[in-house]
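Here is what each chain is made of, one letter per residue.
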Amino acid sequence: MIEITSTALFGVLVSLIAFEIGLMIQRKTKKSFLNPLLLAIAIVIFILQEGNISLADYNKGGQWIAFLMAPATVALAVPLYKNFELLKKHKWPILVGIFTGCVTSIGSILLLSQVFGLGMELSVSMLPKSVTMPIALEVSKQLGGIPEITVPSVMVTGIIGAIMAPLVCRVLKINDRVAIGIAIGTTSHVLGTTKAIEMGEIEGGMSGLAIGVSGLVTVVIAPVMVTMFQYFLQL
Amino acid sequence: MKLLRQITIILSFAFLGEILNKLVGIPIPGNILGMFLLLLSLLTGIVKLQQIEETSRFLLDHMAVLFVPAGVGLISVIGIIKDTWWILLLIAVSTTFLVMSVTGLVVKYTRR
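The rules behind these values
Residues numbered from 1 in each chain as written. Chains lettered and ligands numbered in written order. Predicted model: local features only at pLDDT ≥ 70, side-chain atom pairs only at ≥ 80, totals over all residues. Helix = DSSP H or I, 4+ residues; strand = E, 2+ residues; numbered from the N terminus. Rg over C-alpha atoms; globule rule 2.2 N^0.38 Å. Buried ≥ 20, exposed ≤ 12 C-beta atoms within 10 Å, placed from the backbone. Contact = placed C-beta atoms within 7 Å. Expected span 1.5 Å × (residues − 1). Bend = angle between axes of the 7 residues up to and from the residue. Domains from an automatic or database assignment. Nonpolar A, V, L, I, M, F, W, Y, C, P; charged D, E, K, R; others polar.

Here we take up the overall build of chain B. Secondary structure summary: chain B contains 5 helices and 0 strands in total. Reading the helices (α) and strands (β) of chain B from amino to carboxyl end gives α-α-α-α-α. In summary, chain B has a C-alpha radius of gyration of 19 Å against a globular reference of 13 Å for 112 residues, an excess of more than 25%. Principal-axis analysis of the C-alpha atoms places the extent of chain B at approximately 50 × 45 × 30 Å. Classification of the 112 residues of chain B by burial places 42% in the buried group. Relative to all contacts within chain B whose residues are 6 or more apart in sequence, the contacts with residues 24 or more apart total 38%.

Printed below as a string of structure tokens:
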């Protein structure tokens, strides 16, 4: 058993099969909260715990899958390129929307953490949860956060965003495809973008664009907003 | 050989991004820099869409599965958030809803 699970093939296969099962369950039930990624993660964790398999063993294969995140992020340039005319035409609404979204995200997390008495360390760990993983880790580190908290925060936000997106659009009557894409990408980075791509090419392209821009905006404004917030707390 | 060439081009941009991040010291993650460089190259015609289209579509269509390993990593931090996980989750859900609504509405109304 030990020899088999510590090969890279095990981690790769268990991830892919778990995801296939997740897809199958969602297709059968058609419930958006049964997100295939969420199901796949649960299935893999269950297998590791039941089979007494270490995370390190799983990661021998897992890292092969995670590696593809780099080229996949770069490939986001393609939907962006296809929708570049749209971006040029609506650059102000798009930029204002992304900026407002980032300020809202950071401000609301700082405020709610204070309300629940979470302490600054946990608060700044969650702060960049709406931006793409590599940027989020960088921002969290800069502000003195805990990376192990930042990673699940980013993941959970992405999954919630992907699940919530169709609902939010329906409830708030947002049927503007550019607005939908920007809202998804600004809120829930690459994970939300997978949903946006499903919704359509314009949504996908705008969402991909928002990942990059909101990441840049967050890098710049997060330290400033944290400093301002701490200053107001002392008053 | 076509797909091989496509993945080589895409990986080169990822690597170029890493170089700009690590060696030149631009404080933006290499992957994101790579994305912007590829966009720039597509816009200026240095790279043609046909040269990367199939591979990038494959990567984009299967993006969600790439997050499985990161998600499984959650089991290593359960100890840290044993007592506060429900607060973190509550904040995550409410702020995600808030940010998505605000961003969507702002873009929708400023486009009019």
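This paragraph deals with the environment of B:M1. In this structure, B:M1 sits in the segment before α1 (2–24). Residues B:M1 and B:R57, 56 residues apart in the sequence, show an inter-C-alpha distance of 17 Å.

Okay, helix α12 (residues 177–199) of chain A next. Residues and elements named next belong to chain A. A rise of 1.5 Å per residue sets the reference length of α12, with its 23 residues, at 33 Å; its end C-alpha atoms lie only 9 Å apart and thus fall more than 12% short of the reference. A bend of about 140° at H189 is the largest found in α12. For α12, a buried count of 21 out of 23 residues is recorded, marking the element as mostly surrounded by other parts of the structure. Positive backbone phi, approximately 160°, marks G200, located one or two places after α12.

All names here are of chain A. By the assigned domains, chain A splits into domain 1 (2–67) and domain 2 (75–234). Distance between the C-alpha centres of domain 1 and domain 2: 27 Å. In this assembly, 5 residues from domain 1 lie in contact with 4 residues from domain 2. Residue composition of the side of domain 1 that touches domain 2, grouped by class: 3 nonpolar, 2 polar and no charged.

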